[in-house]
Amino acid sequence: MASKIDEYPKTVSLIGAGNLAHALGPALRSAGYRIESVAFRNTAFSQKRATALAQRLMSKAVRLEQAGPAADIVWLCHTDDALVETARQLARKPGWRGKIVFHSSGALTSDVLAPLRRAGAYTASLHPMMTFVPGISPRLKGVPFAVEGDRQAVAAARRIAYAVGAEIFPIRKDSKILYHALGSFSSPLVVATLVTAERVGRAAGLSRAQTRKVMGPILQQTFRNYLAHGGAAAFSGPIKRGDLETVRRHLRALKNVPAAQEVYRALVRSALRDLPSARKAELLRLLHDR
């Protein structure tokens, strides 16, 4: 007689073979899920990536037009803009009743999967708060996943999160876009800030490699301080001390670095809202001076 755990959905089809799929697929397989197929768009690049991933997962690569409800779980790893049309295309196939369908957009809700829900599938959005870039597949252990959707799909999502060692928490549909903006502030906009800092380093006469080397230790310690103790305890420098003349000199010098002064002003204004600083009123007046 099969145990209750044996009845849980254990096969997965991945729709898309991008950076997210390259992290999810191996993690799912290591957790005991069988990857039924990896679907790709009708381009040579997409086919190449899907074929490589499928071989790694001991699965098969299929064209998107061939994809359907063959597995217990179908996980859409497409870009946000492609989700609506992909859901419509998949829903034209028969056999969705009782299947689980996820998408992993951080900004969109499970409502974009409505055609598949109408076809009988249980649907949810299941988004990992993690950065995925080419050539790097981060571990999912400890990664927070936000989930919302049908009860049955949410239950399947919780089992997957448990299996791969991730954490999972519910998110309201009307909160998803701000939740996704949080992700932007936590990774791509951090990178954008660092690239601005790199531009400043170049203006100071350092090479890109030197700039990254100089920034490395202070960046790492700042992140350690912030994660362990929070923003106020991690905050330091002339803005905290209220060193008006230093900030004035920064602003004057940054005029010569494209876009850097604008970024500096915006970040100082944000810091003065929430972080400890001496002479806040005077610093705010200084920011208004041009």
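Residues numbered from 1 in each chain as written. Predicted model: local features only at pLDDT ≥ 70, side-chain atom pairs only at ≥ 80, totals over all residues. Heavy atoms only, no water.

1. Things to note about the overall build of the protein chain
Summing up its helical and strand segments, the protein chain has 13 helices and 8 strands in all. For the C-alpha atoms alone, the extent of the protein chain along its principal axes is close to 75 × 35 × 35 Å. With the model as given, the accessible surface of the protein chain reaches about 16,200 Å², and the carbon-plus-sulfur share is 56%. Between the averaged position of the 44 positive side-chain charges in the protein chain and that of its 20 negative side-chain charges there is a distance of 5 Å. (Helix = DSSP H or I, 4+ residues; strand = E, 2+ residues; numbered from the N terminus. Areas by Shrake-Rupley, 256 points an atom, 1.4 Å probe, with all protein chains shown as cover. Lys, Arg positive; Asp, Glu negative; His and termini not counted. Charge placed at Lys NZ, Arg CZ, Asp CG, Glu CD.)

2. Considering the environment of alanine 17
Following the sequence through the fold, alanine 17 ends up in the loop between β1 (11-15) and α1 (19-30). Here alanine 17 falls in the buried class, since its relative accessible area comes to 8%. (Buried < 20%, exposed > 50% of the residue type's maximum accessible area, 1.4 Å probe, protein only.)

3. Brief notes about the pattern of salt bridges
Enumeration according to the criterion identifies 12 salt bridges in this entry. Linking aspartate 111 and lysine 173 is a salt bridge whose minimum nitrogen-to-oxygen distance equals 2.7 Å. In this pair, aspartate 111 sits in the loop between β5 (100-103) and α4 (114-118) while lysine 173 sits in the loop between β8 (167-170) and α6 (176-186), placing the two residues 62 residues apart along the sequence. Assessed through its relative accessible area of 39%, lysine 173 is described here as partly exposed. Three or more residues joined by partner-sharing salt bridges are found here, namely Arg34, Glu36 and Lys60. (Salt bridge = Lys/Arg side-chain N within 4 Å of Asp/Glu carboxyl O.)

4. Regarding the sheet that holds strand β6 (residues 122-128)
The strand order across the open sheet built from 8 strands is β3-β2-β1-β4-β5-β6-β7-β8, with neighbouring strands paired in mixed fashion. Each of the sheet's edge strands pairs with one partner strand only, and the pair in question is β3 (61-63) and β8. Between one strand and the next, the sheet's axes are offset by a mean angle of 25 degrees, whatever the strand orientation. With 5 bridges connecting them, β1 and strand β2 (residues 34-40) associate as parallel partners. When the sheet's bridge partners are listed, leucine 14 is paired in β2 with valine 38. Across the sheet, α1 touches β1, β2, β4 (73-76) and β6, and the angle it forms with β1 is around 170 degrees. Packed onto the sheet, helix α2 (residues 44-56) meets β1, β2 and β3 and runs at close to 170 degrees relative to β2. (Pairing = 2+ DSSP bridges. Axes fitted to C-alpha atoms, helices over the stretch in contact; angles between N-to-C directions. Contact = heavy atoms within 4.5 Å.)

5. A look at unusual backbone geometry
We note that methionine 58 has phi near 55 degrees; this positive angle belongs to a residue other than glycine. Accessibility expressed as a relative area gives 65% for methionine 58, which makes it exposed. Located in the positive-phi region is alanine 259, a residue other than glycine, with phi close to 70 degrees. Structurally, alanine 259 is set in the loop between α11 (244-254) and α12 (260-274).

6. A few points about the packing of aromatic side chains
Enumeration over the complete set of coordinates arrives at 2 aromatic pairs. Lying across the ring of tyrosine 33, lysine 10 places its NZ or CZ 4.4 Å from the centre. (Phe/Tyr/Trp six-rings, centres within 6.5 Å; stacked < 30°, edge-to-face > 60°. Lys NZ or Arg CZ within 6 Å of the ring centre and 35° of its normal.)

7. Let's talk about a nonpolar patch on the surface
On the surface, a nonpolar cluster with roughly 360 Å² of combined accessible area is contributed by Phe223, Tyr226 and Leu227. For leucine 227, the location among the structural elements is in helix α8 (residues 208-229). (Patch = residues over 30% accessible without salt bridge, like charges linked within 9 Å, V, L, I, M, F, W, Y side chains within 5 Å.)

8. Quick word on the pairing of β5
Residues Ile100 and Phe102 line one face of β5 and the alternating positions Val101 and His103 line the opposite face, and both faces are buried. The pairing of β4 with β5 spans 4 bridges and is classified as parallel. If you follow tryptophan 75 over to β5, its bridge partner there is phenylalanine 102. Assessed by its sense of winding, the connection that carries the chain from β4 through helix α3 (residues 80-91) to β5 is right-handed. Pairing of β5 with β6, which is carried by 4 bridges, proceeds in the parallel orientation. (Right-handed = clockwise from strand over helix to strand, strands pointing away.)

9. Concerning helix α7 (residues 188-203)
Taking 1.5 Å per residue, 16 residues should reach 22 Å; α7 reaches 23 Å between its end C-alpha atoms and fits that length. Listed in full, the buried residues belonging to α7 are Thr196, Glu198 and Gly201. Contacts made by the buried residues of α7 are with α8 and α12. Once α7 ends, the next one or two residues include glycine 205, with phi positive near 100 degrees. (Expected span 1.5 Å × (residues − 1).)

10. Remarks on α3
Under the 1.5 Å per step criterion, the end-to-end length of α3 is 17 Å for 12 residues, consistent within 8% with the ideal 16 Å. The inward-facing, buried residues of α3 contact β1, β4, β5 and α4.

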